[in-house]
Each structure stands twice: as C-alpha cells, then as structure tokens.
Amino acid sequence: MRIRLIAVGRRMPKWVVAGYEEFAKRLPRECRLELVELNPGDRSGGDVQRARQTEADRILDKLGERDHVIALDELGREATSAGWADAFESWLHSGRDVAFIIGGPDGLDERVLQRADHTWALAKMTLPHALVRVVVAEQVYRAWSIVSGHPYHR
Ligand SMILES: C[S@@+](CC[C@H](N)C(=O)[O-])C[C@H]1O[C@@H](n2cnc3c(N)ncnc32)[C@H](O)[C@@H]1O
C-alpha cells in the first residue's frame, strides 16, 4: 500500500522535518509514508480564495482516481487511534493507495473536501499545518503498531 501525505507548504522548520522523519522512517517498506509538498497559492494580491483554489488544483492533480483520500480538517470527524487502525487495516486489504491531505494557511477548498472519502479532525482546535504533518506521521505509525501488535501502542 502506498500512503502519501500531500501537504501545502514547503521549507518547514527543522523540528517539523525531524518530527515527521522520526515516525515516517519507522514504517516498514510495504506501508511507506511518502511526503508530497506543494507550493502554496500566491497571496500577494490578498486574494485568499484564489490562492486556495490554486492549491486545490495542485492537490487534485496529485490524486489518482482510485486513491482513498482523507482530508484533514478541524471540522471533520474526530477519530480515535483505534479508529485509525481499523481504517488502516481495511486500506491494507483494499489494495488501494491512500492520500492524506493537509491544507495551507487558509484551509482546504470545497472541491478537495468533496473529493475526499473522509474528512477527519485531529482535534477541535486549529493546529498549525506544520504540526499536523508530525501528528499524522505519528498516528499512521501508531495505526500500523496497533494492526501489527507492536508494543509502541499502549
Ligand atoms: C492552519 S490550518 C488552516 C486553518 C483554517 N482556518 C481552515 O479553515 O482550515 C492548515 C491545515 O492544517 C490542518 N489542520 C489544522 N487543524 C486541524 C485539526 N484540528 N484537525 C485536522 N487538520 C487540521 C488542515 O488540513 C488545515 O487545512
């Protein structure tokens, strides 16, 4: 299964790169987590909606027809780690690739939310998108640990 984390934003601070890598590198090759970074839309003219639409075009362009898509959004459904693990197991059996999507500074365009199979929240709080990368990597690793019976999860 190919799992991609498609994220708007580049040039993350060192702590984000290190935090993400810490968990991504622990996943076995057959469930490797691949980071796809996208350029943010141009906000120089102050047109936030247009910037978000540009980001949506870039995100949608990366998605395959059969990809199982999970949009991350604070207004989504709050899932437990056990819920992530159940989903992880079903993806393993489905043979479909998985894509998690993290929006830019102004969130995700409606078109991305429409394309997503699920919209999940990590919390009800608004989190910085950089931190969301680290949490998603950790939760994917945790889901793998639960499904594999690895002692990381307790
Ligand atoms: C800074 S937030 C954008 C906040 C913006 N107000 C919005 O409307 O979404 C950037 C991205 O981080 C992710 N994000 C932030 N908080 C989140 C949360 N609690 N749960 C899931 N994803 C979150 C989402 O993908 C969001 O598009």
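What you see is a predicted model; the values in this text were computed from it and never measured.

Side note on the pairing of strand 1 (residues 3-8)
So, step 1. Most of strand 1 is tucked away: six of the six residues are buried.
So, step 2. Here strand 1 shows two buried faces, one formed by Ile3, Leu5 and Ala7 and the other by Arg4, Ile6 and Val8.
So, step 3. Summarising the sheet, strand 1 and strand 2 (residues 33-38) pair through six bridges and their orientation is parallel. Bridge pairing links Val8 to Leu38 in strand 2.
So, step 4. This β-α-β element, strand 1 to helix 1 (residues 14-24) to strand 2, shows right-handed connectivity.
So, step 5. Where strand 1 meets strand 4 (residues 98-102), five bridges bridge the pair, whose relative direction is parallel. Its bridge partner lying in strand 4, Ile3 is registered against Val98.

Looking at the layout of surface pockets
So, step 1. For the largest pocket, the calculated volume is near 330 Å³.
So, step 2. Lining the largest pocket are 21 residues, with Leu72, Asp73, Glu74, Thr126 and Leu127 positioned closest to its centre.
So, step 3. Going through the elements one at a time, strand 3 (68-78), strand 4, strand 5 (118-121) and helix 5 (129-148) are the ones with two or more residues in the lining of the largest pocket.
So, step 4. Counting residues per element, the lining of the largest pocket draws most heavily on strand 3, at three residues.
So, step 5. The residue makeup of the lining of the largest pocket, split by class, is 13 nonpolar, five polar and three charged.

Criteria and thresholds
- Residues numbered from 1 in each chain as written.
- Predicted model: local features only at pLDDT ≥ 70, side-chain atom pairs only at ≥ 80, totals over all residues.
- Heavy atoms only, no water.
- Buried < 20%, exposed > 50% of the residue type's maximum accessible area, 1.4 Å probe, protein only.
- Helix = DSSP H or I, 4+ residues; strand = E, 2+ residues; numbered from the N terminus.
- Pairing = 2+ DSSP bridges.
- Right-handed = clockwise from strand over helix to strand, strands pointing away.
- 1 Å grid on protein atoms, 1.4 Å probe; cavity = no way out; pocket = protein on both sides within 12 Å on 5 of 7 lines; lining within 4 Å.
- Points joined across faces, edges and corners; volume = space filled by probe spheres on them.
- Nonpolar A, V, L, I, M, F, W, Y, C, P; charged D, E, K, R; others polar.

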